[in-house]
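# Breakdown of the fold
So you can see what is in the structure, the chains are spelled out below.
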Amino acid sequence: MPVIAVAAQRGSALAPELRRQLTGLGVFESDSARLAELAPAGAPPGRPSARPRTILPGIAGSGLVLDGYILDAAGLAAIVGEDPRRGLAATLHAGLITFGPEFLSHLNGDFALVWHDGRDGSCLLASDIMGQRSLYYAVAGGCLYAASQPSLLLGFRDVPDTPDAEALAYRLYDLQHLAPERTPYRHIRLLPPGHTLIWRDGSTSIRPFWSPIPRRTVRFRRDSDYVDAARDLLDRAVATRVPERGPFLCQLSAGLDSSAVATSAAQLDDRPFQTITVRPDPTALAAHDSTRHFVDEWQRVQPLLARYPQITGHGVDARLPGLEEEEMGGLFWSRDWPTGSLHRHGWLYPPVWDLARQLDTNIILSGSVGNASFSHDGRWVLADAIRRGRMIQALGCLNGPERRRDGLLRALWNNGVRPLLPFADRLGHRARAGLPANSWTDFVSVRRDVADRLGLSAQSPTAPPRTGSRDLDRHIAAIEATRIRHATHSALKQRGAFEIRDPTADRALLDFCLAIPRDQYHRNGVDRYLARRMLADRIPSAIANEPRIAPGQPDWFAWADQRRDWIGAELARIEQSPLASELLDVARMRQIFNDWPTSAEEAARPPRVHLMRQALGHGLRVGQMLARIEGRNE
């Protein structure tokens with residue numbers, strides 16, 4: 001449930017159309033406060049409240065708005081010396097009054113928080129560390145405006161709607177972490193996850209209250225202690241996010257992350273719950289490389305479901321969303337951000353929402369941050385071993401599936417040698433081979449002059465050295481990219497009053513995973529080494545030891561083929577948009593469209609798959625948004 005917060009001088013103008021949108025939502029002004037989604041006991045609420053509850057100002061006339069939930073209210077109360085019976089709101093007020101922004105480092109949960117300090121009139125904004133809830137802000141006319149979606153801010157007369165097409169170029173290159181604050185609107189900024197903004201006397205300052213760069217190291221005497229500690233942290237994270245009463249739904253694929261969340265929930269007690277596995281559209285031919293991917297997830301989870309009688313599994317077919325979803329108010333029509341590909345969000349979300357409605361639940365557990373936490377693959381442990389001269393460890397790393405698939409020399413180069421080379425040397429190597437600096441350049445539909453002006457083509461796709469470990473650098477970069485990606489779509493994920501909770505984004509779990517030795521993630525040729533050991537006695541070995549992964553939206557081409565005429569018509573609209581044409585190489589997109597594959601097998605082969613899905617598919621979504629901003633929807 002989105003919440004908008006306003007911190008402004010008295011009498012600031014709120015457009016009537018936006019006021020109508022905010023019926024039942026939280027509105028916070030400098031002389032009053034409303035509270036949304038805050039449970040007095042501090043536990044995640046069982047259901048979103050029907051409307052915000054008006055609250056009295058807190059200490060020194062301060063006001064608070066919270067979207068989401070914050071865990072461990074009793075622990076926070078102990079830190080600030082507050083009576084927990086007074087509720088979480090009183091604890092947060094006391095903590096912020098006493099400790100200021102530093103108090104945010106103690107918060108764990110999914111939240112976007114706005115706090116008005118009644119003592120000096122300043123305002124504090126903060127969002128959780130992994131972007132599960134997001135906040136956007138604009139400074140205009142001496143006022144600060146903040147909301148959970150950019151489109152809500154556009155309802156204020158003082159906030160200009162000037163587009164920022166170049167911000168979307170970073171998105172197309174998957175480099176949005178290099179410009180995390182930029183949005184499709186020049187005067188609206190995203191508050192980066194894990195950061196706080198202070199607005200005082202018309203000026204703003206932003207700083208992090210959490211960083212993925214670890215401040216400590218964790219070392220145990222026994223190897224099994226890492227497994228026990230990680231599993232205990234995961235179990236706690238799941239337990240605190242399961243509602244005390246009522247049904248809940250858990251997403252379950254045949255991968256490690258969602259399996260870990262579901263089986264952790266099954267450890268709590270014999271309480272029954274439901275899972276959902278989304279299957280590819282049975283009417284669409286799913287072309288895939290069986291040596292790298294599997295698509296039969298529903299069949300593959302059957303042994304897991306049989307092991308846990310308290311779990312009722314549901315296999316639901318994906319379906320191509322109707323064209324009405326492309327119209328105003330539909331899933332793919334957004335004034336916030338363009339969706340990432342043609343129909344993947346339709347593949348992911350509507351089947352889950354439909355089943356949640358049937359089950360009369362709004363709580364959905366996910367494991368989407370797992371790859372950035374306990375199931376990190378550790379592929380650059382090989383580079384660390386070479387750098388430290390540990391040749392026996394390096395040889396062990398080369399026994400993995402990468403060697404069997406790509407050969408010894410390529411595996412050694414990709415995961416051992418290349419990560420150690422300075423970026424300038426890698427640029428020279430690619431130039432001598434006649435390759436672009438960024439390997440994705442050929443699959444991005446941004447105009448070359450725009451990419452050159454922004455320096456996007458020469459940006460390193462790998463993490464810069466920041467620690468003594470290249471694998472830790474890569475792990476940190478994965479977290480940073482994941483958190484920005486989640487923040488841009490947090491409002492979409494919570495759409496329709498459904499609350500998606502991800503235990504794999506738990507702060508304590510992430511801190512632990514970043515602090516342990518790197519060989520816990522890759523050893524003797526086994527990637528995701530920690531996750532596979534954590535789950536060895538909880539899930540079938542066919543899942544725990546599976547080296548392949550499920551492809552994202554395996555029925556993409558059949559769906560695109562059904563919408564070929566519509567894609568052509570949308571491309572024609574984009575070609576008529578000066579704003580879209582200033583950013584996108586629309587002529588190249590037209591060429592890709594005209595060279596349409598004759599079969600799903602042809603479409604699945606590189607480089608065609610990348611041209612179709614990235615250059616045409618992602619480019620089309622960005623072009624649609626720019627054309628709509630420009631008003632070309634006829």
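Residues numbered from 1 in each chain as written. Predicted model: local features only at pLDDT ≥ 70, side-chain atom pairs only at ≥ 80, totals over all residues. Heavy atoms only, no water.

### A word on helix α2 (residues 73-80)
Note: α-helices contain 3.6 residues per turn, so residues at a spacing of three or four share the same orientation. Those residues of α2 that sit buried are Ala73, Leu76, Ala77 and Val80. Down the axis of α2, the smallest arc covering the buried residues is 100°, so these residues share one side. Opposite the buried face of α2, by more than 90 degrees, sit the exposed residues Ala74 and Ala78. Taken from the residues just after α2, Gly81 is the one with a positive phi, measuring 70°. (Buried < 20%, exposed > 50% of the residue type's maximum accessible area, 1.4 Å probe, protein only. Helix = DSSP H or I, 4+ residues; strand = E, 2+ residues; numbered from the N terminus. Arc of directions from axis to C-beta.)

### Remarks on the pattern of salt bridges
One pass over the structure, following the stated rule, counts 38 salt bridges. Across the pair Arg85 and Asp83 runs a salt bridge, and its minimum N-O distance is 3.0 Å. Assessed through its relative accessible area of 75%, Arg85 is described here as exposed. As a salt-bridge pair, Arg207 and Glu102 come within 3.1 Å of each other at their nearest N and O atoms. Of this pair, Arg207 sits in strand β11 (residues 203-208) while Glu102 sits in the loop between α3 (88-99) and β5 (109-116), placing them 105 residues apart in sequence. Residue Arg207 is classed as partly exposed on the basis of its relative accessible area, which comes to 40%. Under the relative-accessibility criterion, Glu102 is labelled partly exposed at 44%. (Salt bridge = Lys/Arg side-chain N within 4 Å of Asp/Glu carboxyl O.)

### What about the packing of helix α26 (residues 586-594) against helix α28 (residues 608-630)?
The N-to-C vectors of α26 and α28 enclose an angle of 130°; their axes lie 10 Å apart at closest approach. Judged by the inter-axis angle, α26 sits oblique to α28. α28 is crossed by α26, and the crossing has left-handed handedness. Every residue of α28 that contacts α26 at Arg588, Met589, Ile592 and Phe593 is listed here: Leu611, Met612, Ala615, Leu616, Gly619 and Leu620. Residues of the contact of α26 with α28, tallied by class, amount to eight nonpolar, one polar and one charged. (Axes fitted to C-alpha atoms, helices over the stretch in contact; angles between N-to-C directions. Parallel < 35°, antiparallel > 145°, perpendicular 65-115°, else oblique. Left-handed = near helix turned anticlockwise from the far one by under 90°. Contact = heavy atoms within 4.5 Å. Nonpolar A, V, L, I, M, F, W, Y, C, P; charged D, E, K, R; others polar.)

### Let's talk about the sheet that holds strand β12 (residues 249-251)
With respect to topology, five strands assemble into an open sheet ordered β14-β13-β12-β15-β16, the strand pairing being parallel. What marks the edges here is a single partner per strand, and that holds for β14 (311-317) and β16 (499-501). Sheet twist, expressed as the average angle between the axes of neighbouring strands with direction ignored, equals 30°. Relative to strand β15 (residues 363-365), β12 runs parallel, the two being bridged by two bridges. By the bridge assignment for β15, Leu249 is matched with Ile364. (Pairing = 2+ DSSP bridges.)

### Points about the sheet that holds strand β6 (residues 123-127)
Strand order in the open sheet made by the five strands is β4-β5-β6-β10-β11, with antiparallel pairing throughout. Looking at which strands have only one partner, the edges of the open sheet turn out to be β4 (63-70) and β11. Taken pair by pair, the neighbouring strands of this sheet meet at an average axis angle of 10°, ignoring direction. Pairing between β6 and strand β10 (residues 195-200): four bridges, direction antiparallel. Looking at β10, one finds that Leu124 is bridged to Ile198. Together, β4, β5 and β6 form the strand contacts of α3, whose direction differs from that of β4 by roughly 115°.

### Comments concerning the packing of aromatic side chains
One pass over the structure, following the stated rule, counts nine aromatic pairs. Centroid distance Trp353 to Phe498: 6.5 Å. Interplanar angle 5°. Geometry classified as stacked. Placement of Trp353 in helix α11 (residues 350-358) and of Phe498 in the loop between α19 (490-493) and β16 is noted, with a sequence separation of 145 residues between them. For the pair Trp353 and Phe498, a shared accessibility class is recorded, and that class is buried. (Phe/Tyr/Trp six-rings, centres within 6.5 Å; stacked < 30°, edge-to-face > 60°.)

### Let's talk about unusual backbone geometry
Here the bond from Pro606 into Pro607 is cis, since omega is 0°, no more than 30 degrees from zero. With respect to the element layout, Pro607 can be found in the loop between α27 (600-604) and α28. The backbone of Asp174 shows a phi angle near 55°, a positive value even though the residue is not glycine. Note on placement: Asp174 falls in the loop between α5 (165-172) and β9 (189-190). Among the residues examined, Asp174 registers a relative accessible area of 46% and is labelled partly exposed.

### A word on helix α15 (residues 408-417)
When α15 is considered as a whole, its buried residues turn out to be Ala411, Asn415 and Gly416. The arc that holds the buried residues of α15, viewed along the axis, is 90°, so those residues lie on one side. In α15, the exposed positions that point more than 90 degrees away from the buried face belong to Leu409 and Arg410.

### Considering the pairing of strand β8 (residues 143-147)
For β8, the tally of buried residues reaches five of five residues, placing the bulk of the element in the interior. Every second residue of β8 is oriented toward a common face, with Cys143, Tyr145 and Ala147 on one face and Leu144 and Ala146 on the other, all of them buried. Summarising the sheet, strand β7 (residues 136-140) and β8 pair through five bridges and their orientation is antiparallel. When the sheet's bridge partners are listed, Ala138 is paired in β8 with Tyr145. Here β7 folds back onto β8 in antiparallel fashion, the turn holding two residues, of which Gly141 has a positive phi close to 60°.

### Considering the environment of Leu365
With respect to the helices and strands, the residue Leu365 is situated in strand β15. Between the alpha carbons of Leu365 and Arg241 there is a distance of 8.0 Å; along the sequence they are 124 residues apart.

### A closer look at the packing of α2 against α3
Where α2 contacts α3, the two axes come as close as 9 Å, and the packing angle between them is 35°. The interaxial crossing formed by α2 with α3 has left-handed handedness. When α2 is examined against α3, the residues Ala73, Leu76, Ala77, Ile79 and Val80 are found in contact with a partner set consisting of Leu88, Thr91, Ala94, Gly95 and Phe99. Class assignment of the residues belonging to the contact of α2 with α3 gives a composition of eight nonpolar, two polar and no charged.

### Description of the environment of Phe443
With respect to the element layout, Phe443 can be found in the loop between α16 (423-432) and α17 (448-454). Along the sequence, Phe443 and Ala615 sit 172 residues apart, while their C-alpha atoms lie 5.0 Å from each other. With residues near it in sequence (within four places) discarded, Phe443 still touches Arg588, Pro607, His610, Leu611, Gln614 and Ala615.

### Details of the nonpolar core
Val446, Leu583 and Leu584 are the most contacted members of the largest nonpolar core, which totals 59 residues. With nine residues, α28 is the single largest residue contributor to this core. Contacts of Leu583, omitting those with residues within four sequence positions, involve Ala165, Glu166, Leu168, Ala169, Ser445, Val446, Arg447, Val450, Val622 and Leu626. One finds Val218, Leu252, Leu530 and Ala531 within the second-largest nonpolar core, a separate group that totals 43 residues. (Core = buried A, V, L, I, M, F, W, Y, C linked by side-chain atoms within 4.5 Å.)

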